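Each chain is listed here by its residues.
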Protein chains: 2
Amino acid sequence: MSLVNPSILPGFMELLPEEQKLFDKVKNTIEKNFIKYGFVNIDTPLIEKEEILLSKGGGETSKQIYRIDKDSTAQALRFDLTVSLARYVSMYSNDLNFPFKRYQVGKVYRGERNQKGRYREFYQCDIDIVGNENLSIINDAELPAVIFNIFNELEITNLLFRINNRKLLGGFLESIQVFDFEGVLRTIDKLEKIGEDKTREELLKLDISNNNIDEIFKFIKLGHDNESVLTELDKLDIGNDTFKLGLEELKTVYTYMKKFGVNEENIKIDLTITRGLDYYTGTVFETFLIGYENIGSVCSGGRYDSLANNFSKRAYPGVGLSIGLTRLFYQLNEAKLLGNIKSDIQKEILILPMDQENIDYGIEVLKKLRENSIKADIYLEKGKAKKKFAYADKLGVNYTIIVGEKEENEKLVTFKDFESGKQDLYKIEEVIEIINGGDL
Amino acid sequence: MSLVNPSILPGFMELLPEEQKLFDKVKNTIEKNFIKYGFVNIDTPLIEKEEILLSKGGGETSKQIYRIDKDSTAQALRFDLTVSLARYVSMYSNDLNFPFKRYQVGKVYRGERNQKGRYREFYQCDIDIVGNENLSIINDAELPAVIFNIFNELEITNLLFRINNRKLLGGFLESIQVFDFEGVLRTIDKLEKIGEDKTREELLKLDISNNNIDEIFKFIKLGHDNESVLTELDKLDIGNDTFKLGLEELKTVYTYMKKFGVNEENIKIDLTITRGLDYYTGTVFETFLIGYENIGSVCSGGRYDSLANNFSKRAYPGVGLSIGLTRLFYQLNEAKLLGNIKSDIQKEILILPMDQENIDYGIEVLKKLRENSIKADIYLEKGKAKKKFAYADKLGVNYTIIVGEKEENEKLVTFKDFESGKQDLYKIEEVIEIINGGDL
């Protein structure tokens with residue numbers, strides 16, 4: 001039989017065990033906090049009907065989609081978790097409790113061009129709070145608090161939430177008689193990427209007058225810190241209702257973010273943040289790591305008026321945030337920002353029987369450790385001591401327990417702490433105590 | 001815009017939040033124990049090249065596969081986790097530490113005919129211990145111990161491991177000059193399903209003589225309990241080397257399963273268990289729930305000589321067990337076997353501000369709870385008290401905290417325990433103490 005070369009498709013992340021542990025630590029921290037903050041998990045199929053996935057129309061999405069060739073129903077892999085949420089909410093609305101706080105962590109698929117740090121299969125970690133017809137604006141302020149807590153636990157504290165409200169610029173544009181709302185917001189969204197000159201050019205192409213473009217730039221550059229942005233916005237005294245509502249919402253979100261526990265220095269009211277998607281109707285968020293802005297936004301989202309208008313006549317207003325975990329992990333790892341959590345990974349202990357005759361005693365010790373909720377393992381293979389130690393070393397365990405003839409006869413174990421380098425004879429009960437929080 | 005009917009494809013499991021919590025509890029218990037027993041996670045892409053997936057040849061698999069229409073490389077969704085493990089081990093063998101103990105919990109796809117309790121997308125939970133050229137037989141005994149612990153934690157204690165070794169019947173067949181080893185084992189595998197008469201018929205079709213068929217049945221029915229099966233096998237005194245090795249292996253696995261913590265009454269040496277797959281070469285396992293045998297095997301696997309012979313010339317002997325979680329969950333739930341763990345799900349607490357004016361105080365209380373690692377949430381919407389209590393009720397929370405004018409003025413909270421029905425005024429620090437293990 002000829003051999004098949006073992007390989008994977010390009011654009012897919014696959015990790016070796018050591019990095020996988022780190023990835024899992026990040027993923028678990030995210031999930032744990034989502035749950036702690038009252039979000040419930042939903043686990044929708046990875047495959048959806050194409051009419052569901054493309055219900056908002058094709059375009060770029062349709063080109064990137066992974067179509068599946070099975071049966072007569074057109075079907076494909078999901079490209080995000082939001083479409084499935086919309087489908088889920090409208091499908092089970094009678095059984096759900098609104099506001100419905102759901103989280104989902106799952107893989108999604110996009111046939112993007114191959115690029116370093118860009119993946120075709122990647123985890124999205126989403127939280128949304130979805131109301132039935134209504135949803136308090138204070139909900140918008142809770143989402144960044146969850147994210148703040150997650151990054152704090154990952155010992156990444158240089159987070160900056162850039163927040164804005166799309167109604168502000170929208171109302172302002174109305175007040176200066178500019179009506180291509182979506183066009184302008186989509187263009188401003190690119191400002192940071194393409195610079196002011198290019199942005200002006202693009203706005204001109206949208207038939208915005210030079211005078212109005214100046215006005216727009218004056219507007220989005222208002223203020224120099226959070227309080228002064230709000231004061232300047234107040235001072236504009238624009239009579240437009242959309243603007244007034246937007247300003248009130250922004251103030252509320254800003255105030256409540258702090259009440260929910262986000263520090264003032266981690267928030268930046270930033271009128272240039274608009275998010276490209278028409279979908280968002282109020283609050284918008286982007287999240288950067290101070291000093292690592294080149295990573296881009298590590299978590300984005302916002303408020304929408306209507307989650308499921310392709311599936312239901314009912315309005316489901318909501319607010320959501322999404323972390324692109326696979327890309328984020330790649331970048332945090334490249335930037336060496338995950339070093340601090342490595343030590344938080346569950347301690348490991350390996351039992352090394354010196355001879356095959358000592359295996360039974362080794363298993364006895366192992367069983368006691370596991371019964372005491374300690375993560376432990378045993379090396380069962382034949383071989384020289386050198387081979388056994390090399391195995392423990394490569395596994396990167398924190399402790400080894402050596403059991404040989406002497407240990408077995410005296411009903412003791414030789415316990416070695418790799419960090420301190422200390423090694424001594426102990427009773428197994430003593431080892432359990434040491435690992436469960438006592439000291440060597 | 002015309003609405004799209006929100007629906008999912010047939011054969012896919014999707015749960016409402018309450019059932020999802022139960023599912024997650026089962027899944028987390030499985031993963032937690034895999035980790036505790038020293039297995040490391042690998043998370044391979046759901047999409048593999050078709051040449052990898054079908055490297056063992058097509059057949060039934062090829063018909064059931066979910067092909068993906070993307071780019072020029074033939075690709076499809078994985079139908080199990082074993083092919084990906086084989087690919088992974090041979091691809092990264094230089095970076096792995098052998099014996100390589102890996103677990104993987106992930107979705108796999110098979111286009112099976114629709115049937116109650118059968119899913120086209122389902123979770124497999126796999127553990128394997130893979131050696132490089134060699135692997136001690138004692139490893140075979142550790143796997144059922146992990147499974148035993150998982151089910152114990154799920155409060156399902158009526159587990160029966162039916163174990164056998166394929167070398168036994170193989171060696172026996174050689175000794176009576178029957179050489180269609182695979183044919184006979186595949187037929188015996190169906191015995192329980194089709195009955196003895198049908199099995200005899202099928203064996204006749206394989207050109208096995210009536211006399212030999214009698215011998216085979218006498219063999220597989222040997223003994224009446226574990227010890228007597230082993231004694232009877234010894235007494236046969238068959239000089240065939242394969243048989244002798246198989247008997248030695250079976251004795252070792254049986255003995256060490258007990259040393260690793262599985263009880264005698266949860267083990268049955270059963271010579272009729274052969275597993276249909278040619279892949280297995282020694283130990284084979286099936287696992288039943290006593291009293292619920294109709295559920296079928298809830299966890300199966302065994303020992304193989306060569307994991308990756310389609311990808312590598314190197315021998316990777318291993319032993320693995322797999323739980324089909326989606327189907328198992330469906331069946332345990334149908335059989336009402338998951339009731340006991342419902343109460344183990346993390347306690348929930350909901351804060352109900354009586355008026356919008358009390359929200360700020362409510363958030364203050366919430367923040368303190370969360371800072372003390374308590375899972376808590378707040379109801380932020382406007383509405384009458386009745387609506388708020390109905391929300392708490394539907395959410396199924398364990399406790400509510402009511403904050404109104406009185407509570408805010410006195411810096412207290414009204415704390416209600418839904419289980420006991422008790423309700424009283426407390427300081428928030430007292431509530432934290434109660435939830436973290438104290439008493440009402």
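The secondary structure content of chain A amounts to 17 helices and 16 strands. Principal axes of the C-alpha set define a box for chain A whose edges measure 90 × 55 × 45 Å. Looking at chain A residue by residue over its 440 residues, the buried ones come to 59%. Considering only intrachain contacts with a sequence separation of at least 6, the fraction spanning at least 24 residues in chain A is 67%. For chain A, the accessible surface area stands at approximately 18600 Å², while carbon and sulfur atoms represent 45% of it. When the 60 positive and 72 negative side-chain charges of chain A are each reduced to one mean point, those points stand 3 Å apart.

Moving on to the relation of the copies chain A and chain B. The pair of chain copies shares a relation made of a rotation about an axis and a shift along it. Overlaying chain A on chain B yields an RMSD of 0.0 Å, the required transformation being a rotation through 180° with an accompanying axial translation of 0.0 Å. Here the two chains are linked by the operation of a two-fold rotation axis. Ranked by how close their C-alpha atoms come to the rotation axis, the residues of chain A are headed by I68 of chain A, at 2.3 Å. Mapped onto chain B, 100% of the interface residues of chain A are again interface residues, and the two copies thus contact each other with one and the same surface.

It is worth spelling out the pattern of salt bridges at this point. All names here are of chain B. Applying the stated criterion across every chain, the model contains 69 salt bridges over all chains. With a shortest N-O distance of 2.8 Å, R87 and E48 are connected by a salt bridge. Here the residue R87 occupies a position in helix 4 (residues 82-91), and E48 occupies one in strand 2 (residues 47-49), the gap between them amounting to 39 residues. Each member of the pair, R87 together with E48, is buried.

Here we come to the packing of aromatic side chains. Applying the stated criterion across every chain, the model contains 32 aromatic pairs over all chains. On the basis of an interplanar angle of 70° and a centroid distance of 6.0 Å, the ring pair of Y66 of chain A and Y109 of chain A is categorised as edge-to-face. With Y66 of chain A in the loop between helix 3 (60-64) and strand 3 (67-69) and Y109 of chain A in strand 5 (residues 100-109), this residue pair connects regions lying 43 residues apart in the sequence. With centroids separated by 4.8 Å and ring planes inclined at 15°, the aromatic side chains of Y279 of chain A and Y304 of chain A adopt a geometry described as stacked. On the criterion of sequence distance, the pair formed by Y279 of chain A in the loop between strand 8 (267-269) and strand 9 (280-289) and Y304 of chain A in strand 10 (residues 300-304) is long-range, its members being 25 residues apart. The ring of Y66 of chain B carries K70 of chain A above its face, with NZ or CZ at 5.2 Å from the centroid.

Turning our eyes to something else, we now look at the sheet that holds strand 7 (residues 159-165) of chain B. Pairing between the strands of a sheet comes from backbone hydrogen bonds, and it takes one of two forms, parallel or antiparallel. All names here are of chain B. One open sheet accounts for eight strands, arranged 1-5-6-11-10-9-7-8; its pairing is mixed. If you trace the sheet from one side to the other, it starts and ends with strand 1 (40-41) and strand 8 (267-269), each paired once. Pairing between strand 5 (residues 100-109) and strand 6 (residues 121-130): 10 bridges, direction antiparallel. When the sheet's bridge partners are listed, G106 is paired in strand 6 with Q124.

A separate point is unusual backbone geometry. Residues and elements named next belong to chain A. With an omega dihedral of -5°, the bond running from F98 to P99 counts as a cis peptide bond. By the element assignment, P99 lies in the loop between helix 4 (82-91) and strand 5. For E155, which is not glycine, the phi torsion reads 60° and is therefore positive. Residue E155 is classed as partly exposed on the basis of its relative accessible area of 38%.

All names here are of chain B. Examined against the element boundaries, N240 turns out to sit in the loop between helix 10 (226-236) and helix 11 (241-259). Assessed through its relative accessible area of 13%, N240 is described here as buried. Other than its neighbours up to four places away in sequence, N240 contacts G171, E174 and S175.

The next subject is the interface of chain A and chain B. Taken together, the contact pairs 100 residues of chain A with 100 residues of chain B. Across the interface of chain A and chain B, roughly 8600 Å² is buried in total on both sides, 57% from carbon and sulfur atoms. The interface formed by chain A and chain B contains 12 salt bridges. K107 of chain A is paired through a salt bridge with D43 of chain B; the nearest N and O atoms lie 2.8 Å apart.

What follows covers the pairing of strand 9 (residues 280-289) of chain B. Residue and element names in this part refer to chain B. Across the 10 residues that make up strand 9, a large majority, nine, are buried. In terms of strand pairing, strand 9 meets strand 10 (residues 300-304) through three bridges, oriented antiparallel. What sits directly across from Y280, in strand 10, is Y304.

Moving on, we get to the side chain of K388 of chain A. All names here are of chain A. Inspection of the secondary structure assignment puts K388 in helix 15 (residues 385-395). Salt bridges are absent for the buried K388, whose nearest opposite-charge side chain, D355, sits at 5.8 Å. Separated by 2.8 Å, the side chain of K388 and the backbone oxygen of P353 make a polar contact. Other than its neighbours up to four places away in sequence, K388 contacts L352, P353, M354, D355, Y379, E381 and G383.

Here we come to helix 15 (residues 385-395) of chain B. Residue and element names in this part refer to chain B. Buried within helix 15 are the following residues: K388, Y391, A392 and L395. Looking straight down helix 15, one finds that the buried residues subtend no more than 95° of arc, so they occupy a single side. What points out from helix 15, more than 90 degrees from its buried face, is the exposed set K386 and D393. Buried residues along helix 15 sit against helix 1 (17-36), strand 12 (349-353) and strand 14 (399-403). At the C-terminal side of helix 15, G396 shows a positive phi close to 70°.

Residues and elements named next belong to chain B. Ordered by their spatial adjacency, five strands build an open sheet running 13-12-14-15-16, and the pairing between neighbours is mixed. Each end of this open sheet is capped by a strand with a single partner; those strands are strand 13 (376-378) and strand 16 (423-426). Geometrically, the sheet is characterised by an average inter-axis angle of 25° between neighbouring strands, direction not taken into account. Bridge analysis of strand 12 against strand 14 gives five bridges, and the strand direction is parallel.

Bringing the pairing of strand 12 of chain B into the picture now. Residues and elements named next belong to chain B. For strand 12, the tally of buried residues reaches five of five residues, placing the bulk of the element in the interior. Residues of strand 12 alternate between two faces, with I349, I351 and P353 on one and L350 and L352 on the opposite face, all of them buried. Where strand 12 lies against strand 13, three bridges are found, and the strand directions are parallel. When the sheet's bridge partners are listed, I349 is paired in strand 13 with A376. A crossover links strand 12 with its parallel partner strand 13, the connecting element being helix 14 (residues 359-371), and its sense is right-handed.

On to helix 11 (residues 241-259) of chain A, then. An α-helix turns once every 3.6 residues. As a result, residues three or four positions apart point the same way. All names here are of chain A. Across its 19 residues, helix 11 extends 27 Å between first and last C-alpha, which sits within 8% of the 27 Å expected from 1.5 Å per residue. Listed as buried for helix 11 are F243, G246, L247, E249, L250, T252, V253, Y254, Y256 and M257. The backbone nitrogen of T242 has a side-chain oxygen 2.8 Å away, supplied by the residue at the start of helix 11, namely N240. Within two residues after helix 11, G261 carries a phi angle of roughly 115°, on the positive side.

To continue, consider the confidence of the model for chain A. Detailed conclusions should not be drawn from predicted coordinates in areas where pLDDT is low. For chain A, the average pLDDT comes to 93, and 98% of its residues sit at 70 or higher. We note a pTM of 0.95 for the whole complex and an ipTM of 0.94 for its interfaces.

Conventions adopted
Residues numbered from 1 in each chain as written. Chains lettered and ligands numbered in written order. Predicted model: local features only at pLDDT ≥ 70, side-chain atom pairs only at ≥ 80, totals over all residues. Heavy atoms only, no water. Helix = DSSP H or I, 4+ residues; strand = E, 2+ residues; numbered from the N terminus. Buried < 20%, exposed > 50% of the residue type's maximum accessible area, 1.4 Å probe, protein only. Contact = heavy atoms within 4.5 Å. Areas by Shrake-Rupley, 256 points an atom, 1.4 Å probe, with all protein chains shown as cover. Lys, Arg positive; Asp, Glu negative; His and termini not counted. Charge placed at Lys NZ, Arg CZ, Asp CG, Glu CD. Least-squares fit on C-alpha atoms with pLDDT ≥ 70 in both. Salt bridge = Lys/Arg side-chain N within 4 Å of Asp/Glu carboxyl O. Phe/Tyr/Trp six-rings, centres within 6.5 Å; stacked < 30°, edge-to-face > 60°. Lys NZ or Arg CZ within 6 Å of the ring centre and 35° of its normal. Pairing = 2+ DSSP bridges. Buried area = accessible area lost by both parts, 1.4 Å probe. Polar contact = N/O pair within 3.5 Å; in protein donor to acceptor, adjacent residues only side chain to side chain. Arc of directions from axis to C-beta. Axes fitted to C-alpha atoms, helices over the stretch in contact; angles between N-to-C directions. Right-handed = clockwise from strand over helix to strand, strands pointing away. Expected span 1.5 Å × (residues − 1). pLDDT = per-residue confidence, 0-100.

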